[in-house]
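This is what each chain is made of:
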Amino acid sequence: MFTGNLQELQTNGAASCKACIFVSDGKQWQIQRKTATRAFTKSNFENHITQSLHHWLNILMRLLSNLAREQIEFDFQELMGRLMFCLFLGIAFHEDKLALDVMSEDPKCLRTLPDYVEAFDRALYLFDRRRRDPLWRITEKLSGEDKISKKAVELFYGQIDGIIKSRLIAIENGYKPNPDAGVDLLDLFLQSTTDVHTLGGMVFAFLSAGRDTTAYTLSWFMKEIHHKDNQHLDAVNNIRTEAKELGLADSYLRYGDGSRLRFTSAMWDETVRLDTVSPAGQMEAAEDDILPAVPELNMPPRHVKKGDIVSYQNYVLSRMPEVWGKDAAAFDPYRWFTKDGESISYSPFKYHSWNAGPRSCLGRALATYEGIAIATAILERFDVILQDDSRVYEPLAALNMGIKGGLLMRVKERGLDT
């Protein structure tokens, strides 16, 4: 689906390199999947990932305090995009100092972005648009946007390649990963290749997969928590009660404790189900096959031929009464509990927002941990005031469906008169 459209970013200008886990197949996909799996071990979660998250939560809390003190309205979705970029630089490279150019405790940081981050955003926008424009080569040539996308790619990789080359030089000088500090993504990628172009493509693949999707889901999550349509859920107080019981008033969520926040987790799962940020996907049949019947939907077996495109629509699936019941289109976290109050875990082929099968989302545990940890940290310390808590928030028409127009809000520090 994306091989041609994202060629410039996934290959870093090297036509022979297809370093993107989401469009690769066969041996190349297996290598990248295996490498990525090692990044999300329990040990790495409990050490490097948790340390990085808590470090950036400290900075985020100080920034929100300053925004509250100055009564500044801000776009939560844009802020979460910055935070996810910073977290990625920490988790992938141990590059926290570089990330301070993206987000710091000073509200002025929200006025600008480093050139390479703007380049990443601009490139993603242009490449996403290519999905909907079969004549994109001609369109971009005529508009001059082909030069913009080329420059954006050069800016992004200029920064990322510099980090990779510095690590390669460090290895030549005796650098070895510090187990106490945790193994970052680059350490793991370097076990399979030292080619700068390939490594850069891998870095882009994981950044594009995890940054906007988590930032957007967090934004929908905060919207659902505070929207007037959901006032009957008393979500803020329920989440704060669970967080207080875990002692999160003066600390942050640790990996492994998220499941103890049962209502909060149900709110998160329902947000991911109904406000899925990955609305659709498609695959090409590698050979002739037969898709099995789906009796629940009165769908007979379907014959597909090699080269046929098979697509799925998560956005539609989550709203189908045949799949989720008559209230499929309603936001209801209690669908994640049995009548006896036990938590429900649905089949990934039903709750398909994270995909299913061999290509199920590797980052599900990371995104869930980040999302719940960030939300509870904010709600324990701040009251959130949406600019408009009653309007219908529409999704972006894009590869990743964030909130159209963002999520404008102010925050007020709890326990203080501001």
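Let us look at the structure shown here. Quantities reported herein were computed from a predicted structural model and do not represent experimental measurements.

1. Considerations on the overall build of the protein
Then, in step 1: The helix and strand inventory of the protein stands at 15 helices and 7 strands.
Then, in step 2: For 418 residues, the compact-globule estimate of 2.2 N^0.38 gives 22 Å, and the C-alpha radius of gyration of the protein, at 22 Å, lies within 12% of that figure.
Then, in step 3: Its C-alpha atoms put the protein at 60 × 60 × 45 Å along the principal axes.
Then, in step 4: Counting every position in the protein, which comprises 418 residues, the buried fraction comes to 50%.
Then, in step 5: Looking at the protein alone, contacts between residues at least 24 apart form 72% of all its contacts between residues at least 6 apart.

2. Topic: the pattern of salt bridges
Then, in step 1: The final tally for this structure, using the stated rule, is 15 salt bridges.
Then, in step 2: Note that Asp-121 and Arg-211 form a salt bridge whose closest N and O atoms lie 2.4 Å from each other. Here Arg-211 lies in helix H10 (residues 196–226) and Asp-121 lies in helix H6 (residues 115–130), a separation of 90 residues in the sequence.
Then, in step 3: Using a relative accessible area of 27% as the deciding quantity, one classes Asp-121 as partly exposed.
Then, in step 4: We note a salt bridge from Arg-167 to Asp-187, for which the minimum N-O separation is 2.8 Å. Of this pair, Arg-167 sits in helix H8 (residues 145–172) while Asp-187 sits in helix H9 (residues 185–189), placing them 20 residues apart in sequence.
Then, in step 5: On the basis of relative accessibility, which here comes to 10%, the residue Arg-167 falls in the buried class.
Then, in step 6: Bridged by salt links that share partners, the residues Glu-270, Arg-273, Asp-327 and Arg-335 form one connected network.

3. Quick word on the environment of Glu-73
Then, in step 1: Its location among the elements puts Glu-73 in the loop between helix H3 (42–69) and strand E1 (74–75).
Then, in step 2: Considered as a pair, Glu-73 and Asn-400 are 327 residues apart in the sequence and their alpha carbons are 25 Å apart.
Then, in step 3: Non-local contacts of Glu-73, meaning those with residues more than four positions away in its chain, are made with Gln-387, Leu-408, Met-409 and Arg-410.
Then, in step 4: At a separation of 3.3 Å, a polar atom in the side chain of Glu-73 contacts the side chain of Gln-387.

4. Structural notes on the layout of surface pockets
Rolled over the atoms, a probe sized like a water molecule indicates the empty space that remains.
Then, in step 1: When its volume is computed, the second largest pocket comes out at roughly 540 Å³.
Then, in step 2: Along the wall of the second largest pocket there are 26 residues; nearest its centre are Gly-258, Ser-259, Ser-265, Asp-269 and Thr-368.
Then, in step 3: The set of elements that each furnish at least two residues to the lining of the second largest pocket consists of helix H12 (262–274) and helix H15 (364–381).
Then, in step 4: For the lining of the second largest pocket, the per-class residue count stands at 14 nonpolar, 7 polar and 5 charged.

5. What about H6?
Then, in step 1: Between the first and last C-alpha of H6 there are 23 Å, a value that for 16 residues agrees with the 22 Å anticipated at 1.5 Å per step.
Then, in step 2: All of the buried residues in H6 are Tyr-116, Val-117, Ala-119, Phe-120, Ala-123, Leu-124, Leu-126, Phe-127, Asp-128 and Arg-130.

6. Some remarks on a nonpolar patch on the surface
Then, in step 1: On the surface, Leu-135, Ile-138 and Leu-142 cluster together to form a nonpolar patch covering roughly 350 Å² of accessible area.
Then, in step 2: Among the residues examined, Leu-142 registers a relative accessible area of 73% and is labelled exposed.

7. Thoughts on the nonpolar core
Generally speaking, a soluble globular protein has its nonpolar side chains buried in company with each other.
Then, in step 1: With 115 residues, the main nonpolar core has Leu-60, Leu-64, Met-103, Ile-374 and Ile-378 as its most contacted residues.
Then, in step 2: Broken down by element, the residue count for this core peaks at 15 residues, all from H10.
Then, in step 3: With residues near it in sequence (within four places) discarded, Ile-378 still touches Leu-60, Met-61, Leu-64, Phe-76, Met-222 and Val-384.

8. What about the packing of aromatic side chains?
Then, in step 1: Taken as a whole, this structure holds 18 aromatic pairs when the rule is applied.
Then, in step 2: Note on Phe-263 and Tyr-334: the rings are 6.0 Å apart at their centroids and 50° apart in plane angle, and the pair reads as tilted. In this pair, Phe-263 is assigned in helix H12 and Tyr-334 in the loop between helix H14 (321–324) and H15, connecting sequence segments 71 residues apart.
Then, in step 3: Taking relative accessible area as the criterion, Phe-263 reaches 7% and is therefore assigned buried.
Then, in step 4: We classify Tyr-334 as partly exposed; its relative accessible area is 43%.
Then, in step 5: An aromatic cluster is present here, built from Phe-85, Tyr-116, Phe-120, Phe-156, Tyr-157 and Phe-204 joined pairwise through their rings.
Then, in step 6: The ring of Trp-324 has Arg-273 sitting right over it, with the charged end atom 5.0 Å from the ring centre.

9. A word on the sheet that holds strand E6 (residues 382–386)
Then, in step 1: The 3 strands are arranged E1-E7-E6 in an open sheet whose pairing can be described as antiparallel. One side of each edge strand has no neighbouring strand; the edge strands of this open sheet are E1 and E6.

10. Digging into unusual backbone geometry
Then, in step 1: Of note, the phi angle at Gln-71 is positive, near 50°, even though the residue is not glycine.
Then, in step 2: Note on placement: Gln-71 falls in the loop between H3 and E1.
Then, in step 3: For Asn-298, which is not glycine, the phi dihedral falls at a positive 55°.
Then, in step 4: Here Asn-298 lies in the loop between strand E3 (289–291) and strand E4 (302–304).

11. A short note on the pairing of strand E7 (residues 408–413)
Then, in step 1: Relative to E7, E1 runs antiparallel, the two being bridged by 2 bridges. The residue of E7 that forms the bridge with Asp-75 is Leu-408.
Then, in step 2: For E6 and E7, the ladder comprises 5 bridges, and the chain directions are antiparallel. Each residue of the ladder has a partner; that of Phe-382, found in E7, is Glu-413.

12. Structural notes on the packing of H12 against H15
Then, in step 1: Close contact between H12 and H15 brings their axes to 11 Å; oriented N to C, the two are set at 120°. The angle between H12 and H15 falls in the class oblique. Relative to H15, the crossing made by H12 is right-handed. On H15, the residues touching Thr-264, Ser-265 and Trp-268 of H12 are Ala-367, Thr-368, Gly-371, Ile-372 and Thr-376.
Then, in step 2: Tallied by class, the residues present in the contact of H12 with H15 amount to 3 nonpolar, 5 polar and no charged.

Calculation notes
- Residues numbered from 1 in each chain as written.
- Predicted model: local features only at pLDDT ≥ 70, side-chain atom pairs only at ≥ 80, totals over all residues.
- Heavy atoms only, no water.
- Helix = DSSP H or I, 4+ residues; strand = E, 2+ residues; numbered from the N terminus.
- Rg over C-alpha atoms; globule rule 2.2 N^0.38 Å.
- Buried < 20%, exposed > 50% of the residue type's maximum accessible area, 1.4 Å probe, protein only.
- Contact = heavy atoms within 4.5 Å.
- Salt bridge = Lys/Arg side-chain N within 4 Å of Asp/Glu carboxyl O.
- Polar contact = N/O pair within 3.5 Å; in protein donor to acceptor, adjacent residues only side chain to side chain.
- 1 Å grid on protein atoms, 1.4 Å probe; cavity = no way out; pocket = protein on both sides within 12 Å on 5 of 7 lines; lining within 4 Å.
- Points joined across faces, edges and corners; volume = space filled by probe spheres on them.
- Nonpolar A, V, L, I, M, F, W, Y, C, P; charged D, E, K, R; others polar.
- Expected span 1.5 Å × (residues − 1).
- Patch = residues over 30% accessible without salt bridge, like charges linked within 9 Å, V, L, I, M, F, W, Y side chains within 5 Å.
- Areas by Shrake-Rupley, 256 points an atom, 1.4 Å probe, with all protein chains shown as cover.
- Core = buried A, V, L, I, M, F, W, Y, C linked by side-chain atoms within 4.5 Å.
- Phe/Tyr/Trp six-rings, centres within 6.5 Å; stacked < 30°, edge-to-face > 60°.
- Lys NZ or Arg CZ within 6 Å of the ring centre and 35° of its normal.
- Pairing = 2+ DSSP bridges.
- Axes fitted to C-alpha atoms, helices over the stretch in contact; angles between N-to-C directions.
- Parallel < 35°, antiparallel > 145°, perpendicular 65-115°, else oblique.
- Left-handed = near helix turned anticlockwise from the far one by under 90°.

By themselves these figures say nothing about function.
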